[in-house]
Amino acid sequence: MPARLSDIAKFYQKRFLPMRHAKWIPLCLTLVTAVGWADETFQKQLANGLRVIVKEDHRSPTAAHMVWYRAGSMDESNGSTGVAHLLEHMMFKGTPATGPGEFSRRVAAAGGRDNAFTSRDYTAYFQQIPKQQLPEMMQLEADRMRHLTLDDKEFAQEIRVVMEERRLRTEDQPTSLLFEQLNAVAFQAHPYRAPIIGWMNDLENMTVHDARAWYERWYAPNNAYVVVVGDVDHQQVFAWAEKYYGALETRALPGRKPQDEPPQQGIRRLTLKAPADLPVLIMAYKAPAIRDVERDVDPYALEMLASVLSGHEAARLNRRLVREQRLAVDAAASYDSTSRGPAMFFLHGSPSAGKTRAELEAGLRAQIADIQQQGVAREELERAKAQLIAAQIYKLDSIFAQAMEIGQLEAIGIPHSLNRRIIDKLQAITAEDVQAVARKYFRDEQLTVAELDPQPLPAGGRPRPASASRH
Amino acid sequence: MSTFKLLFSLTLLLLGPLANAGPKIEHWLTTSGSRVYFVESHALPIIDVQVDFAAGSAHESSGKAGVASLTRALLDLGVAEMDETAIAGRLADIGARLTGGVDSDRASVSLRSLSMPDKRVPALAILRAVLSTPQFPATVFEREKARSVAALKEALTRPETIAAKAFWSAMYPEHPYGRQASPESIDSLSRADVVAFHAANYTAERSTVTLVGDLSRAQAETVAEELTAGLPRGGATNDIALAVLPAGGERYIAHPAAQAHLLIGLPALKRGDPDFFPLVVGNYTLGGGGFVSRLMKEVRDKRGLAYSVSSHFMPLAYLGPFQLGMQTKKAQVKEALAVSRQVLAEFLAQGPSDAELLAAKQNLIGSFPLRLDSNRKLLDNVALIGFYRLPLDYLDTYQANIEKVTLDEIKSAFSRRLPAAHLVTVVVAGD
């Protein structure tokens, strides 16, 4: 097994880091020549409200086709948590034109790979395919956008699969459970308090009618957009989109209530006991997300702060807490500025053998205090910016990553064309900005602390009930 | 449409899906004896370099389990001119990424960098230092050893880790592949063990260098020469025998988890074995084809017993395993085990239907371009070809080799490779 990265740290990365979003770079001249095509996208809106976004990348004869719905677990209500994700599973169970399992069978026959994922903010479906198969994929996705069968028997099987998924990803994973409970404590009013996969009791009581109501409410061309990246001609893609998606009818969408979280007015603490060996500590501070790309400053400063704290192996938390002080076996920070709902800035880690969670908390707090009082060095910030630029170019190597970047930004209501501006804003962040956000947001009033208290295995109590994604 | 594209399309029409040639792989030896594999691609200003050594955990001597991982972990945590902080800081300054890992056969060091000289040159200099002058500082050694022990102790509370370790021990009772690092074995390692493992295994003769991206052939030759000039020479000779088949049987391990973890398998396939293609095509129908496999249909779709169920072959140098696995809640263990065994037995007896065989070939041939549509994927494929000395036209002939597979070949390969009497079953948390 890898010695450098514990399973815990990998989990953190999976949970927080992949949902990165579109960030673009001001390219220097040599790069513009080398990757001149790289930021050009084409967009068209059909009469029924469906938007189609195309990015051409002609390196290989493949394409990624994605359909994004602006409905995620944050749009659910109490008693039916998990229905967004359950519906995602049911989307593979057939329409009058396509029998149960037929969708995946046809994608496979086309040499493609397909899957889907549900987040708090959206639900998305994708196929990676040889480019000549794109029209068939569009036909299949258009069909299930409005004509899903939602059969009783299929539902009865699939809800059992989802409960197994919950056991696999949450019930038997102490760190997942810890995050689930942390969210439920940090958020009291906002729907981010419920796990994406749903509470087990809600799954046990879910019916096919819940799934149908969800489908009728949100699955419509005017609540969706299509992203295509690959070796395609954008005009041809628009023509196919018109042909396959164009006939779907617009539907009235329900209003969305903000359900804002009331201000937190004091520190909150929770402890989870579960079978494990390594203690875990998570400190979560309420923080802003990007709402106005041009005017906002704080979310960009927090992004740079996260990078200064743990953007690379010599970044502050790993260097000081893991390597120099030997206080932790893992220590990291994470923050995502792009979300429909409220954001949090996380500091997390596991204490070294012989050290306590309290000592680790004190160590993390000392790092925060240091930045609040002393600020960050200019070279630390430059380093974070260098990594930001390189990461943007590396992302161009993956067709899938480019499509994700576009889709995720659009999902939270930011036009993907503002990528460049977001990168500009990140590049403009100063050391003073970083110090200012550290002072402003790292306050106990805004803090929730979650601790995993490991229990020995043998007679260990059964753990009880985060992210969900179809396998 | 350009002339080239037009010609390409015509070729496609004539030859059907078999027309996708693989990338052009150039191959040579460095002065030091490293084997080099290079794919030139200027589409992006990126270079990827991977150096693989025959330094996986199978090469540990008995009593030293864990030394392979620890050696790899320490490789870039201190070199002659730089400590770990300087290495990580300089890499971050130029946006370069140094990664890698260890499996049973291989230890890998991978570098991704922008290709502009002001980024590429310093990034490659760091990689060269990591390969040539690792210091394994004593204090870093102690710290990383403690972290490894902590991570392993935690992992050993997880049902999936317990199941995997018990499974490999049962499949390879007398073979290095079955040897498992324990907190005690790691704790007993000394710095001298790491230094010795490095000297014996991280040598030029045991290495392959794979380069993909924005370099000319001449540049690639220089890079490979410089990277490998300072590698230790000579080193261990491999005397690892092919694994022999274990006695079959079942092992049940109690655990408080809500779900049981089930694994069934045995040592089955060596890298480069001619049975590879029949086994891959057949396994697509059995449990490799994701949502369309028989296991998925019977276990998940029809009965709702599991979220994920699959089977696969993992070819390794000294006979890698076939593995069938799933997770299901405790009360369903017997049913899940019975269903998956029945699916396996039926498949062994009859193989895929004509329609299933066609579907398997359609997908494996049709999806071929998706295996190669990024520099990263090219790097993975070419590094594998180089390390295991597969034919250089492996990718060019891949689709044709899939197409050629017959039903009889599948049945023959499965019956020879999966003798039921030797199948090992491990169930954790099925109590």
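It should be emphasised that the depicted structure is a prediction, and the values quoted were computed from it without experimental measurement. (Residues numbered from 1 in each chain as written. Chains lettered and ligands numbered in written order. Predicted model: local features only at pLDDT ≥ 70, side-chain atom pairs only at ≥ 80, totals over all residues. Heavy atoms only, no water.)

**Quick word on the overall build of chain B**
Here comes step 1: Broken down by element type, chain B carries 16 helices and 11 strands.
Here comes step 2: Taken against the 2.2 N^0.38 rule, which gives 22 Å for 431 residues, the C-alpha radius of gyration of chain B at 23 Å falls within 12% of a compact globule.
Here comes step 3: In terms of principal-axis extent, the alpha carbons of chain B reach across some 65 × 60 × 35 Å.
Here comes step 4: Residue burial in chain B is summarised as follows: out of 431 residues, 60% are buried.
Here comes step 5: When the accessible surface of chain B is split by element, carbon and sulfur atoms take 57% of a total near 16100 Å². (Helix = DSSP H or I, 4+ residues; strand = E, 2+ residues; numbered from the N terminus. Rg over C-alpha atoms; globule rule 2.2 N^0.38 Å. Buried < 20%, exposed > 50% of the residue type's maximum accessible area, 1.4 Å probe, protein only. Areas by Shrake-Rupley, 256 points an atom, 1.4 Å probe, with all protein chains shown as cover.)

**Here we look at the sheet that holds strand S9 (residues 309-313) of chain B**
Residues and elements named next belong to chain B.
Here comes step 1: Pairing is mixed across the open sheet formed by 5 strands, whose spatial order is S7-S11-S8-S10-S9. In this open sheet, the two strands that pair with only one neighbour each are strand S7 (249-253) and S9. For this sheet, the mean angle separating the axes of adjacent strands, direction not counted, is 15°.
Here comes step 2: Bridge count between S9 and strand S10 (residues 320-329): 5 bridges; the pairing is antiparallel. Of the residues in S10, the one forming a bridge with Ser311 is Leu324.
Here comes step 3: Relative to the sheet, helix H6 (residues 159-171) contacts S7, strand S8 (259-269), S10 and strand S11 (424-428), its axis offset from that of S8 by approximately 30°.
Here comes step 4: Strands in contact with helix H10 (residues 276-288) are S8, S9 and S10; relative to S9, the strand with the most contacts, it is inclined by about 175°. (Pairing = 2+ DSSP bridges. Axes fitted to C-alpha atoms, helices over the stretch in contact; angles between N-to-C directions. Contact = heavy atoms within 4.5 Å.)

**With respect to the environment of Thr203 of chain B**
All names here are of chain B.
Here comes step 1: The residue Thr203 is located in the loop between helix H8 (191-201) and strand S6 (207-213) in this model.
Here comes step 2: For Thr203, a relative accessible area of 0% puts it in the buried group.
Here comes step 3: Here the alpha-carbon distance between Thr203 and Lys411, two residues 208 residues apart in the chain, equals 42 Å.
Here comes step 4: When neighbours within four sequence positions are excluded, Thr203 is seen to be in contact with Phe53, Leu231, Pro232, Arg233, Gly234 and Gly235.

**Description of the domain arrangement of chain B**
Residues and elements named next belong to chain B.
Here comes step 1: Segmenting chain B into domains produces domain 1 (26-228) and domain 2 (249-428).
Here comes step 2: Each of domain 1 and domain 2 has a C-alpha centre, and the two are 28 Å apart.
Here comes step 3: Approximately 3000 Å² of surface area, both sides summed, lies buried where domain 1 meets domain 2, with 70% of it carried by carbon and sulfur atoms.
Here comes step 4: Joining domain 1 to domain 2, the criterion identifies 1 salt bridge.
Here comes step 5: Residues Arg376 and Asp48 are paired through a salt bridge, measuring 3.6 Å at the closest nitrogen-oxygen approach.
Here comes step 6: Residue assignment for the side of domain 1 that touches domain 2 shows that the elements contributing at least two residues are strand S2 (35-40), strand S3 (46-53), H6 and S6.
Here comes step 7: Take the side of domain 1 that touches domain 2: its biggest share by element is 10 residues, from H6.
Here comes step 8: Grouping the constituent residues of the side of domain 1 that touches domain 2 by class yields 18 nonpolar, 10 polar and 8 charged. (Domains from an automatic or database assignment. Buried area = accessible area lost by both parts, 1.4 Å probe. Salt bridge = Lys/Arg side-chain N within 4 Å of Asp/Glu carboxyl O. Nonpolar A, V, L, I, M, F, W, Y, C, P; charged D, E, K, R; others polar.)

**Side note on the pattern of salt bridges**
Here comes step 1: Taken as a whole and assessed by the stated rule, the structure comprises 61 salt bridges over all chains.
Here comes step 2: With a shortest N-O distance of 3.7 Å, Arg357 of chain A and Asp453 of chain A are connected by a salt bridge. Of this pair, Arg357 of chain A sits in helix H13 (residues 357-374) while Asp453 of chain A sits in strand S11 (residues 447-455), and the two are 96 residues apart along the sequence.
Here comes step 3: Asp275 of chain B serves as the salt-bridge partner of Arg417 of chain B, at 2.9 Å between the closest nitrogen and oxygen.

**Structural notes on the packing of helix H14 (residues 378-395) of chain A against helix H3 (residues 84-93) of chain B**
Here comes step 1: Look at H14 of chain A against H3 of chain B: their axes get within 7 Å of each other, and the N-to-C directions meet at 55°. Here H3 of chain B runs oblique to H14 of chain A, going by the angle between their axes. Taking contact as the criterion, the partners of Arg383, Ala386 and Gln387 of chain A in H14 of chain A are, on H3 of chain B, Gly89, Ala92 and Asp93 of chain B.
Here comes step 2: Grouping the amino acids of the contact of H14 of chain A with H3 of chain B by side-chain chemistry returns 2 nonpolar, 2 polar and 2 charged. (Parallel < 35°, antiparallel > 145°, perpendicular 65-115°, else oblique.)

**Things to note about the interface of chain A and chain B**
Here comes step 1: Each partner contributes to the interface: chain A provides 72 residues, whereas chain B provides 74 residues.
Here comes step 2: Summing both sides of the interface, chain A and chain B together bury roughly 6300 Å²; the carbon and sulfur share of this comes to 58%.
Here comes step 3: Our count for the contact surface shared by chain A and chain B stands at 6 salt bridges.
Here comes step 4: Between Asp330 of chain A and Arg147 of chain B there is a salt bridge; the shortest N-O distance is 3.5 Å.
Here comes step 5: Our enumeration of links across chain A and chain B arrives at 32 residue pairs in polar contact (both at pLDDT 80 or more). (Polar contact = N/O pair within 3.5 Å; in protein donor to acceptor, adjacent residues only side chain to side chain.)

**What to know about H6 of chain B**
Along an α-helix, a turn takes 3.6 residues, which lines up residues three or four apart on a common side.
Residues and elements named next belong to chain B.
Here comes step 1: For H6, with 13 residues, the first-to-last C-alpha span of 18 Å sits near the 18 Å given by 1.5 Å per residue.
Here comes step 2: Listing the buried residues of H6 in full gives Pro159, Thr161, Ile162, Ala163, Lys165, Ala166, Phe167, Trp168 and Met171.
Here comes step 3: Close packing links the buried residues of H6 with helix H5 (138-155), S7, S8, S10 and S11. (Expected span 1.5 Å × (residues − 1).)

**Observations regarding unusual backbone geometry**
Residue and element names in this part refer to chain A.
Here comes step 1: Phi angles above zero are rare outside glycine, and Leu150 is one such case at about 55°.
Here comes step 2: Here Leu150 lies in the loop between helix H5 (134-146) and helix H6 (152-171).
Here comes step 3: Judged by its relative accessible area of 4%, Leu150 falls in the buried class.
Here comes step 4: In this structure, Gln259 is a non-glycine residue whose phi angle is positive, near 50°.

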